[in-house]
Amino acid sequence: MTSLRPDISLDDLIVCPTCDAVYSLDVPEEGDRAVCARCNTVLITNRRNAAFRVIALSLTVVILIIASAVFPFLRIDAVGLNNSVSILDAAFAFSEGLLSLLALVTAALIFAIPLCRAMLTIYVLAPIALQLSPRKHAKQAFRLSEALRPWSMAEIFAIGCAVALIKVADLAEVSFGPAFWMFSVLVVLVVATDNFMCRWSIWKALDTS
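Just so we're clear, the structure is a prediction, and the values are computed from it rather than from any experiment.

**Q** Help me get a handle on the overall build of the protein, residues and values and all.
**A** Per the secondary structure count, the protein includes 7 helices and 7 strands. Counting from the amino terminus, the protein carries its helices and strands in the arrangement β-β-β-β-α-β-β-α-α-α-α-β-α-α. Looking at the protein as a whole, 36% of its 209 residues qualify as buried. Contacts spanning at least 24 positions in sequence make up 59% of the contacts within the protein whose residues lie at least 6 apart. Within the structure as shown, the protein displays about 12,600 Å² of accessible surface, and the carbon and sulfur contribution to it stands at 63%.

Structure, rendered in structure tokens:
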């Protein structure tokens, strides 16, 4: 990555999405990455078979989201009584009256948006990985996926659960269900997918096809 030259064309420029620093484009060698000199944001990553890996991660995310919504998340035992709840049960626990809207928003942030982003990623990357022409509206689909990224809050829910479990542990015996471990893996994979994806390469493939 080199400094900006005054005679360079706009097609040969890249802008840091974090600090807006502008650089002349210099695609790194395979296995390397280009990093912003000002804020250390990764601008370009050149990984072999990156598209296939992101697709595999996204497919795994889709499976885990669906599975974690079905299986029990937690089991609570207290004074001889026990109860098992799923993540959806927790999201819709207060779905009465005006709180129904809050329950829907919670479910969307935990499940719907991460699921939508994973499916949009597969829709956009599958043709690129197979070296085919992008599907119809692929640019709009990827733009929507990026717009939804700040609203995908599976990891925030996981942190909230951890805080709640610390408080509940003194009052009752808590055991983890299959969905808890699925959701834990899901959170890691969502973060890994976002960090592994080279957005510059995707936009370049969509623009040049």
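**Q** Residues and numbers for the nonpolar core, please.
**A** Residues Val61, Phe73, Ile87, Phe157, Phe183 and Leu186 are the most contacted members of the largest nonpolar core, which totals 23 residues. Looking at this core, the elements that each hand over two or more residues are helix H1 (50-70), helix H3 (99-129), helix H5 (154-168) and helix H6 (178-196). The element best represented in this core is H6, accounting for 7 residues. Contacts of Phe73, omitting those with residues within four sequence positions, involve Val85, Ser86, Ile87, Phe157, Cys161, Phe176, Gly177, Ala179, Phe180 and Phe183. Residues Ala51, Leu125, Ala141 and Leu206 belong to the second largest nonpolar core, which totals 15 residues.

**Q** Give a detailed account of the pattern of salt bridges, specifying residues and quantitative values.
**A** Applying the stated criterion to the full structure yields 6 salt bridges. Glu146 serves as the salt-bridge partner of Arg199, at 2.6 Å between the closest nitrogen and oxygen. Taken together, the residues Arg199 in helix H7 (residues 199-208) and Glu146 in helix H4 (residues 138-148) connect sequence positions 53 residues apart. The burial state of Arg199 is the same as that of Glu146; both residues are buried. For Asp194, the salt bridge goes to Arg199, with nearest N and O atoms at 3.5 Å.

**Q** Report on the side chain of Ser58, specifying residues and quantitative values.
**A** Tracing the backbone through its elements, the reader meets Ser58 in helix H1. Dropping the residues within four chain positions of it, Ser58 is found in contact with Ala118, Thr121, Ile122 and Thr193.

**Q** Lay out the packing of H3 against H4 with the relevant residues and their values.
**A** Axis separation between H3 and H4 bottoms out at 9 Å; the angle between their running directions is 150°. In terms of orientation, H3 lies roughly antiparallel with respect to H4. The handedness of the crossing between H3 and H4 comes out as left-handed. Counting all contacts with H3, which are made through Ile113, Cys116, Arg117, Leu120, Thr121, Tyr123 and Val124, the residues of H4 involved are Ala138, Ala141, Phe142, Leu144, Ser145, Glu146 and Leu148. Looking at the contact of H3 with H4 residue by residue, the class counts come to 10 nonpolar, 2 polar and 2 charged.

**Q** Mind laying out the packing of H1 against H3, listing which residues take part and the relevant values?
**A** Direction vectors running N to C along H1 and H3 enclose 150°, while the axes themselves pass 9 Å from each other. If you check the angle between H1 and H3, you find them roughly antiparallel. Of the two elements, H1 crosses H3, and the hand of that crossing is left-handed. Facing Ala51, Phe52, Val54, Ile55, Ser58, Leu59, Val61, Val62, Ile65, Ser68 and Ala69 of H1, the residues of H3 in contact are Phe111, Pro114, Leu115, Ala118, Met119, Thr121, Ile122, Leu125, Ala126 and Ala129.

**Q** Give me the lowdown on the environment of Leu206, citing residues and values where you can.
**A** Here Leu206 is to be found in helix H7. The exposure class assigned to Leu206 is buried, which follows from its relative accessible area of 4%. When the C-alpha atoms of Leu206 and Phe142 are compared, they prove to be 9.6 Å apart, with 64 residues separating the residues in sequence. Ignoring anything within four residues of it in the chain, the contact list for Leu206 reads Val124, Ile128, Pro134, Ala138, Lys139 and Phe142.

**Q** Please give an account of a nonpolar patch on the surface that cites residues and values.
**A** Together, Phe52, Leu130 and Leu132 line one region of the surface with nonpolar side chains, adding up to about 320 Å² of accessible area. Its place among the elements puts Leu130 in the loop between H3 and H4.

**Q** So, a negative patch on the surface: which residues are in play, and what are the values?
**A** A cluster of acidic residues, Asp26, Glu29, Glu30 and Asp32, forms a negative patch on the protein surface. With respect to the secondary-structure elements, Glu29 resides in the loop between strand E2 (22-24) and strand E3 (33-35). When its relative accessible area of 60% is taken as the criterion, Glu29 is described as exposed.

Rules behind the numbers
Residues numbered from 1 in each chain as written. Predicted model: local features only at pLDDT ≥ 70, side-chain atom pairs only at ≥ 80, totals over all residues. Heavy atoms only, no water. Helix = DSSP H or I, 4+ residues; strand = E, 2+ residues; numbered from the N terminus. Buried < 20%, exposed > 50% of the residue type's maximum accessible area, 1.4 Å probe, protein only. Contact = heavy atoms within 4.5 Å. Areas by Shrake-Rupley, 256 points an atom, 1.4 Å probe, with all protein chains shown as cover. Core = buried A, V, L, I, M, F, W, Y, C linked by side-chain atoms within 4.5 Å. Salt bridge = Lys/Arg side-chain N within 4 Å of Asp/Glu carboxyl O. Axes fitted to C-alpha atoms, helices over the stretch in contact; angles between N-to-C directions. Parallel < 35°, antiparallel > 145°, perpendicular 65-115°, else oblique. Left-handed = near helix turned anticlockwise from the far one by under 90°. Nonpolar A, V, L, I, M, F, W, Y, C, P; charged D, E, K, R; others polar. Patch = residues over 30% accessible without salt bridge, like charges linked within 9 Å, V, L, I, M, F, W, Y side chains within 5 Å. Lys, Arg positive; Asp, Glu negative; His and termini not counted. Charge placed at Lys NZ, Arg CZ, Asp CG, Glu CD.

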